[in-house]
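# Structural characterization, general
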Amino acid sequence: MGMAASQARWISLAARKSNVEYEGQQINQARTALANQSSQLWNELYTMDVPTPPNTSDFTTTQYSFETGDATQTISEIQAADYTDIDGIQYNSYVTYYTKISEYTGIRNTNSNPQVQYVPETEGENGYYMVGTRKLSCLSSVDRTDKSSTGIWGTYCAELDQIAIDWPDTQVAKDWKNYRDNGALDALDNIYLWTDGSNKVNFASGTAGTQDSLEACRKDISLPLHSYYSDYQTKNKELSKYGVIEYDPSGRATSLQLEGSSVVYDLSTSSVTDNNAYNDAMNQYNYEKQIYEKNVQDINAKTEQIQTEDRTLELRLKALDTEQTALQTEMDAVHKIISKNIDSTFKTFES
């Protein structure tokens, strides 16, 4: 190989080697960028809050109760207090509890298939309504001379007074109030009554602005009939009183004396779990868990993509390293040829 050709080849190899080194630098920079992206993803993963399932103990409270005769009273709240009554008794607590009481209440009865009929007036008998097989009476026809609490009229008055309190927007209540307040006897003509199978006296309106009167149900058999009666009902009522509570060394309440009473009740304890709150917390946990798992999957997918790109770049870098070694080897060989050519040239001139 001549001197010029050798030099041209060496220059070509040197240029190629420079390009290989530059491409290798670019690949290393790309791999560094991928490594930074991977590090950011892992940092994001490590800083994510892992959802924790709720513990039933967090929704469980100690509930106190006490017995009064054959009834169990459940305490819903105990507040610290400092109160002294006129008898000098000092109370350390304000207690809220539920108790069952019997209250006289107006009750609405819904008959979805009343089968209302009207029997027209005949000689010697006024017209009347029927509900099923029961004949109705008009309130205006009831004897009102006996107004005692044990008399029929007195009993009806007590029932209608309670219905007017508990169902003030009904036509029965409005007509009864009109009679009570204004003495409107004609208002009684629109109130009908009958005794049902449970021996309850039911009151209903002949006509009304709502679609639940006798006349409306007579015309349209698909309409329900609303009637009203009064009776004693057992209800849970919330009461609050001052009390003296004794505690054992562990802080558990053991006894209770309520304001206005000398009776000391033993307190029973039970653990009560708020299942609705627990279920809400569990639903929230499942929702957060799904989001967390989705984010983890997204991070893993991005990380896998980065690793795939990095492996591709690594293989390319190895190929460039092999190519660089080959180029260096060939450059060394060309360099030797050039050196020999130089030596032989100078030796020619020396001789």
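Residues numbered from 1 in each chain as written. Predicted model: local features only at pLDDT ≥ 70, side-chain atom pairs only at ≥ 80, totals over all residues. Heavy atoms only, no water.

### With respect to the sheet that holds strand S5 (residues 128–131)
Within a sheet, each strand pairs with its neighbour through backbone hydrogen bonds, oriented either parallel or antiparallel. Judged by pairing direction, the sheet is antiparallel, and its three strands sit side by side in the order S4-S5-S6 without closing on themselves. The sheet is open, and its two edges are formed by strand S4 (116–119) and strand S6 (134–135), each paired on a single side. Where S5 and S6 come together, two bridges link them in antiparallel fashion. Across the sheet, residue methionine 130 finds its bridge partner in S6, namely lysine 135. (Pairing = 2+ DSSP bridges. Helix = DSSP H or I, 4+ residues; strand = E, 2+ residues; numbered from the N terminus.)

### So, unusual backbone geometry
One non-glycine residue, glutamine 115, adopts positive backbone phi at about 55°. Relative to the helices and strands, glutamine 115 resides in the loop between strand S3 (90–111) and S4. Although it is not a glycine, asparagine 199 sits at a positive phi angle of roughly 65°. Structurally, asparagine 199 is set in the loop between strand S8 (191–195) and strand S9 (201–205).

### Observations concerning the packing of aromatic side chains
In the structure shown here, the tally under the stated rule is 15 aromatic pairs. For the ring pair phenylalanine 66 and tyrosine 97, a centre distance of 5.5 Å and an interplane angle of 65° mean the geometry is edge-to-face. Taken together, the positions of phenylalanine 66 in strand S1 (residues 60–68) and tyrosine 97 in strand S3 put the pair 31 residues apart, joining distant regions of the chain. For phenylalanine 66, a relative accessible area of 1% translates into the label buried. Ring centres 4.9 Å apart and planes at 35° place the aromatic pair phenylalanine 66 and tyrosine 265 in the tilted group. (Phe/Tyr/Trp six-rings, centres within 6.5 Å; stacked < 30°, edge-to-face > 60°. Buried < 20%, exposed > 50% of the residue type's maximum accessible area, 1.4 Å probe, protein only.)

### Thoughts on the packing of helix H2 (residues 152–166) against helix H3 (residues 171–182)
Running from amino to carboxyl end, H2 crosses H3 at an angle of 120°, the nearest separation of the two axes being 9 Å. Compared by their axis directions, H2 and H3 come out oblique. The handedness of the crossing between H2 and H3 comes out as left-handed. Packed against H2, whose contacting residues are Trp153, Cys157, Leu160, Asp161, Ile163 and Ala164, the element H3 presents Val172, Ala173, Trp176, Tyr179 and Arg180 at the interface. Classifying every residue of the contact of H2 with H3 by side-chain character gives nine nonpolar, no polar and two charged. (Axes fitted to C-alpha atoms, helices over the stretch in contact; angles between N-to-C directions. Parallel < 35°, antiparallel > 145°, perpendicular 65-115°, else oblique. Left-handed = near helix turned anticlockwise from the far one by under 90°. Contact = heavy atoms within 4.5 Å. Nonpolar A, V, L, I, M, F, W, Y, C, P; charged D, E, K, R; others polar.)

### Notes on the state of the cysteines
Among covalent bonds in proteins, the disulfide is the one between the sulfur atoms of two cysteines. Tallied over the entire structure, the rule returns zero disulfides. With no disulfide of its own, cysteine 138 has cysteine 157 as its nearest cysteine by sulfur position, at a separation of 14 Å. (Disulfide = S-S within 2.5 Å.)

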